[in-house]
Amino acid sequence: MAKKLFGWIYTGLLLLFLYTPIIVLMVMSFNRSQYNALPIEFSLKWYKALAGNEKILQATINSLWIGAITAVLSVILATSLALGTNLAGRKTRTAMQSLVMLPLTMPWLIMGLSLLLLLRSLGLDRNFIVLLIGHLIISLPYSALVIIARVRDMGKETQEASSSLGASDWTTFYRVTLPMMLPAMLSGGFLSFMISFDNFVISYFLIPTGTTTLPMEIYSSIKFGFTPEMNAVATIILLASLSLIAVTAAVMRSSIRALFKSDKGDA
Amino acid sequence: MLISFAVVPLFIMFAYSFQGDDGSGFVGLANYARFFSKSFYLKLTLKTMRMSLLVTVISLLIAYPMAFILAKLIAKGKNIILMLIIIPFWSSQLIRAYSWMNLLRDGGILDIALQHVHLSSGEGLGILFTQTAVIIGLVHIFCPYMIITIYMTLEKIDDSLLEASRSLGARPITTFRRVILPLTETGIISGAILVFVPCLGSFVEPRILGGTQGSVIGTVIEDQFFEIYGWNFGSAIAFLLLVMVLASMGILSALRKRGVRING
């Protein structure tokens, strides 16, 4: 019993460590005072200031676009990869999968700057396409993990049954395979979106001059000190990502579990 | 195709590292010579390694008991706690660094709270913009990885194995050292890879939480690319960082393979 109690106390302390900074930040975003003065005086001042901040709004829209495009592309790629490698032999499969997972272990700093150098050695300026490629490289592993795990669990029997009953390959794909994979594709898409939306390092190196993303705006304003407006931005992002997580978890409980199962195998 | 976008640029980076920043073309190993001739850069490398090592060890010390509690002590509510540990993963690293800045700065919440209980003198905590702040921030970000990897190996250990050890007269500490620890070695090493390697390449947390004291290899590379425009020298440093990353990954995976072999 004493052991159990100790266990719960330790768990509590750990969660306290993980959550205190985030919760303090959220609470402070509603505080009128600029210097976190206590007691808290409730105010939506910082949110109002935010709503009038054109620069941040534009950066948010950019981030949403980049995240959405990245998510769609990475789901398409991950799905074809999962289906394709499933047909291929065992060796090709493991080789392909470890290649896709490679960016997980490479520091983003190196990834970003080497892509920038690629551009320069081709004599090109920073452009949107390479920015997207960068985002795609870092978010593909996450959607691939979820979708590959799903395809592996699915087995080939249903598809074989479908084609032996006379369905064409295409019919089998969109009447049988696709519906079975859809939850994994959705949650893979959400994951990729969040990786891309939150990513700072890749955008920092590759974004065309004059454009920004939300994480870049955050970085440039906190690099030089403390700005209370950022409390509000952070709170909105946190709440939005929490709801995305909730949706993802609801859509596909098993694929999240699979994600961590396969994490162990590859990491 | 996409893979070539991930690999080819690394060779270009390598090629860049042999050229001079003044446009003088091929300079051979001059950039590397510059790096190794100045004690500043060597110290920086050591500092980066020490920081990453400290973060890894602290994460391990925090994570191991937590993983053990989750795997062996708590049955009810385990999945919820796991979820809670994983969730902060998905919030942006910038925001988490910023939230610590908020908490730790002089006149910040922690400072005020400690003054209320008369633990702080009111002259400020003096934690923000030190190495300590950077390490706290990095542990906060990477500790969950360690918990998950260790938890997954611990969960696989059959309870009957622990009982067998106990009934054969082993004290708890012996059971831990001779049975549990060897069986979770692979989890520890996987966790170490997931913590140590990203720490080597981090520059956001050191910059935001460490201020001027926070410079590590990552921040120097950032400066070379964004402030000084010493792209070629920056490439040389980045290549050395890549070598460090690959070397530490190689060593750790070799250790893990050995562990897998021993455990069958």
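Residues numbered from 1 in each chain as written. Chains lettered and ligands numbered in written order. Predicted model: local features only at pLDDT ≥ 70, side-chain atom pairs only at ≥ 80, totals over all residues.

Here we take up the overall build of chain B. Counting secondary structure elements, chain B contains 12 helices and 0 strands. In sequence order, chain B lays out its α and β elements as α-α-α-α-α-α-α-α-α-α-α-α. Evaluated residue by residue, chain B yields a buried proportion of 44% over its 264 residues. (Helix = DSSP H or I, 4+ residues; strand = E, 2+ residues; numbered from the N terminus. Buried ≥ 20, exposed ≤ 12 C-beta atoms within 10 Å, placed from the backbone.)

Here the focus is the overall build of chain A. Helix and strand counts for chain A come out as 12 helices and 0 strands. Listed by position from the N terminus, the elements making up chain A come as α-α-α-α-α-α-α-α-α-α-α-α. Across the 267 residues that make up chain A, the buried fraction comes to 42%. When contacts within chain A are restricted to residue pairs at least 6 apart in sequence, long-range pairs at least 24 apart make up 77% of them. (Contact = placed C-beta atoms within 7 Å.)

Ranked by size, the top nonpolar core spans 133 residues in total, and within it Ile-147 of chain A together with Phe-142, Ile-147 and Ile-221 of chain B carry the most contacts. Here Phe-142 of chain B is in contact with Val-55, Ser-59, Val-195, Pro-198 and Cys-199 of chain B, once residues within four sequence places are set aside. (Core = buried A, V, L, I, M, F, W, Y, C linked by C-beta atoms within 7 Å.)

For the rest of this paragraph, the subject is the interface of chain B and chain A. Between chain B and chain A, the residue contacts involve 62 residues of the former and 53 residues of the latter. Here the element with the most residues in the side of chain B that touches chain A is helix H1 (residues 2-16) of chain B; it accounts for 10 residues.

For the rest of this paragraph, the subject is the UniProt feature "transmembrane region" (unreviewed entry) in chain A. Residues and elements named next belong to chain A. Under the present numbering, the feature "transmembrane region" (unreviewed entry) in UniProt falls on residues 7-30, 64-87, 99-122, 128-149 and 232-252. As annotated, residues 7-30 comprises 92% helix and 0% strand, and the C-alpha atoms at either end are separated by 34 Å. Split by type, residues 99-122 is 88% helix and 0% strand. Its first and last C-alpha atoms lie 25 Å apart. (UniProt positions renumbered as here; feature names shortened; annotations may be inferred.)

All names here are of chain B. Residue-level pLDDT values for chain B average 79, and 83% of them are 70 or greater. Per-element confidence in chain B is highest for helix H3 (residues 39-73), whose mean pLDDT is 90, and lowest for H1, whose mean pLDDT is 63. Scored by ipTM, the complex comes to 0.79, with pTM at 0.82. (pLDDT = per-residue confidence, 0-100.)

Let's shift gears to the confidence of the model for chain A. For chain A, the average pLDDT comes to 80, and 89% of its residues sit at 70 or higher. In this model residues 262-267 of chain A is a low-confidence stretch, pLDDT under 50, and it forms 10 contacts with partners more than four residues away in sequence or in other chains.

The subject of this paragraph is the packing of helix H3 (residues 54-87) of chain A against helix H6 (residues 128-154) of chain A. Residue and element names in this part refer to chain A. At a minimum axis separation of 7 Å, H3 and H6 run at an interaxial angle of 45°. It follows that H3 is oblique to H6 by the angle criterion. Once H3 is placed against H6, the crossing between them reads as right-handed. Looking at the contact of H3 with H6 residue by residue, the class counts come to 16 nonpolar, 7 polar and no charged. (Axes fitted to C-alpha atoms, helices over the stretch in contact; angles between N-to-C directions. Parallel < 35°, antiparallel > 145°, perpendicular 65-115°, else oblique. Left-handed = near helix turned anticlockwise from the far one by under 90°. Nonpolar A, V, L, I, M, F, W, Y, C, P; charged D, E, K, R; others polar.)

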